[in-house]
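Single-letter residue listing:
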Amino acid sequence: MTDIKSLTLDELKEEMAALNEKSFKAGQIFSWLHRHGADSFDEMTNLSKNLRNNLQKKYDIYTCTIEKKLVSVYDNTVKYLFRLHDGELIESVVMQYKYGYTICVSSQVGCKMGCRFCASGIAGFVRHLSASEILSQVYVAQKDLGIRISHIVMMGVGEPLDNFDNVMRFLSLISDVNGLNISMRNISLSTCGLVPGIYNLMEKKLQLTLSISLHAPNDEIRSKTMPVNDRWNIEELLKACRDYTKATSRRISFEYAMISGVNDSVACAAELAGRLKGMLCHVNLIPVNAVKERDYQKSSDSTIAAFIKVLEKNGINVTVRRTLGSDINASCGQLRRGEGPK
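Residues numbered from 1 in each chain as written. Predicted model: local features only at pLDDT ≥ 70, side-chain atom pairs only at ≥ 80, totals over all residues. Heavy atoms only, no water.

Chemist: Any details on the overall build of the protein chain? Residues and values, ideally.
Modeler: Helix and strand counts for the protein chain come out as 10 helices and 14 strands. Scaling as 2.2 N^0.38, a compact globule of 342 residues should have a C-alpha radius of gyration of about 20 Å, and the protein chain matches this with 21 Å. Its C-alpha atoms give the protein chain principal-axis dimensions of about 70 × 45 × 35 Å. Contacts spanning at least 24 positions in sequence make up 67% of the contacts within the protein chain whose residues lie at least 6 apart. Working note: accessible area of the protein chain is about 14,900 Å², and carbon and sulfur atoms make up 47% of it. A gap of 4 Å separates the mean positions of the 43 positive and 37 negative side-chain charges of the protein chain. (Helix = DSSP H or I, 4+ residues; strand = E, 2+ residues; numbered from the N terminus. Rg over C-alpha atoms; globule rule 2.2 N^0.38 Å. Contact = heavy atoms within 4.5 Å. Areas by Shrake-Rupley, 256 points an atom, 1.4 Å probe, with all protein chains shown as cover. Lys, Arg positive; Asp, Glu negative; His and termini not counted. Charge placed at Lys NZ, Arg CZ, Asp CG, Glu CD.)

Chemist: Mind laying out the pattern of salt bridges, listing which residues take part and the relevant values?
Modeler: Applying the stated rule across the entire model yields 11 salt bridges. Across the pair Asp 144 and Lys 69 runs a salt bridge, and its minimum N-O distance is 2.8 Å. Of this pair, Asp 144 sits in helix H4 (residues 131-145) while Lys 69 sits in strand S3 (residues 65-71); the two residues are 75 residues apart in sequence, bridging distant segments of the chain. Judged by relative accessible area, which is 36%, Lys 69 ranks as partly exposed. The partner of Arg 127 in a salt bridge is Glu 133, and the shortest N-O contact between them spans 2.9 Å. The residues Arg 127 and Glu 133 share a single accessibility class, namely buried. Three or more residues joined by partner-sharing salt bridges are found here, namely Asp 86, Arg 127 and Glu 133. (Salt bridge = Lys/Arg side-chain N within 4 Å of Asp/Glu carboxyl O. Buried < 20%, exposed > 50% of the residue type's maximum accessible area, 1.4 Å probe, protein only.)

Chemist: Could you give an account of the sheet that holds strand S14 (residues 318-320), naming the residues involved and the relevant values?
Modeler: Ordered by their spatial adjacency, 10 strands build an open sheet running S3-S4-S5-S6-S9-S10-S11-S12-S13-S14, and the pairing between neighbours is mixed. The open sheet has two free edges, formed respectively by S3 and S14, since each of these has just one partner strand. Geometrically, the sheet is characterised by an average inter-axis angle of 25° between neighbouring strands, direction not taken into account. Sheet topology note: the strand S13 (residues 281-287)/S14 ladder contains three bridges and is parallel. Each residue of the ladder has a partner; that of Asn 284, found in S14, is Thr 319. Lying on the sheet, helix H8 (residues 234-248) is in contact with strand S11 (209-213) and strand S12 (252-258); it crosses S12 at an angle near 145°. (Pairing = 2+ DSSP bridges. Axes fitted to C-alpha atoms, helices over the stretch in contact; angles between N-to-C directions.)

Chemist: Which residues make up the pairing of strand S6 (residues 100-104), and what are the values?
Modeler: Within S6, four of the five residues are buried, which leaves it mostly tucked inside the rest of the structure. Bridge count for strand S5 (residues 89-97) against S6 is five bridges, and the pairing is antiparallel. Paired with Val 93 across the bridge in S6 is Cys 104. Where S5 hands over to S6, the hairpin turn is made up of two residues, counted between the paired strands. Sheet topology note: the S6/strand S9 (residues 149-154) ladder contains four bridges and is parallel. Across the sheet, Tyr 101 pairs through a bridge with Ile 149, a residue of S9.

Chemist: Describe in detail the packing of aromatic side chains, supporting the description with residues and values.
Modeler: What the rule picks out here adds up to three aromatic pairs. On the basis of an interplanar angle of 10° and a centroid distance of 5.1 Å, the ring pair of Tyr 80 and Phe 82 is categorised as stacked. Taken as a pair, Tyr 80 and Phe 82 share a single burial class, namely buried. Taking the centre distance of 5.2 Å and the plane angle of 15° together, the rings of Tyr 97 and Tyr 99 count as stacked. Residue Tyr 97 is classed as partly exposed on the basis of its relative accessible area of 26%. One cation-aromatic arrangement involves Lys 112 over Phe 125; the distance from NZ or CZ to the ring centre is 4.7 Å. (Phe/Tyr/Trp six-rings, centres within 6.5 Å; stacked < 30°, edge-to-face > 60°. Lys NZ or Arg CZ within 6 Å of the ring centre and 35° of its normal.)

Chemist: Lay out the state of the cysteines with the relevant residues and their values.
Modeler: Scanning the model with the defined rule gives zero disulfides in all. Not part of a disulfide, Cys 111 finds its nearest cysteine sulfur in Cys 115, a span of 6.5 Å. Not part of a disulfide, Cys 268 finds its nearest cysteine sulfur in Cys 281, a span of 17 Å. Residue classification places Cys 268 among the buried positions, given a relative accessible area of 8%. (Disulfide = S-S within 2.5 Å.)

This is the structure in structure tokens:
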């Protein structure tokens, strides 16, 4: 059975031709899947019953079902535990801002990267998500909440650039004018530093925001917290970032988890500023969030303020990420491929 929701409009037209159906039928099906979030062919009421029966025999519509839903009492952030068609579990988060709603989606079931401060890889890696499974997180959340999602961050469970082809297909489908038509400029993709993937993404010249999970100013600290650094060190990573900004003219966002006593000294700030000098970028500081299996503590407000002062003095644009959904373990680094420990 073919995963029909992962097909582009042009591919759907080819499928309709093979079924001896007119090409405009592809547009109708595409609209049902990507604009209306249809979960079954029976919902496609402007198609003939015969066509719907034929589609049922040949294609699957992969979606996800809500296994559990938590709502923050502080900021109305919503965390979903989604069950996939094969029974696997992933988490997604919907956040409300002044400009609208943003969803943080997962790209894999589990994660291979093993970052020490992140819960996503603790239970191990299972498999990649298809484009349709990433899309379904958006569509199901929208339908459940009765809202329009306008922004997407690929910062949930998994490493997007490790699932490159499916993620690129997802981006193409979610931004299609015949579907939800979410602008690439409203999409952020986060990577822990897969250098070949950054170069592959650079060739696409997409207008999305590339976020780099840096979290350290040097190899010694980064290798202790992020095993990926043993494969591509900071020098290699930052060279790829400079090449990326030069080729795309897009500013890179460097994510930096502030971990007390690990990477938050003024010396670390000065070293980071030196590394990033002259690059088209900004630094997004993230007070590290609690993960039950880890003992990292977030930096104090005064430590963060001192860190910011050093960066700004050196001409580095810096912000501090607002913590949302902390009471439901929906903040950065807390998402899992299952419910996690109680």
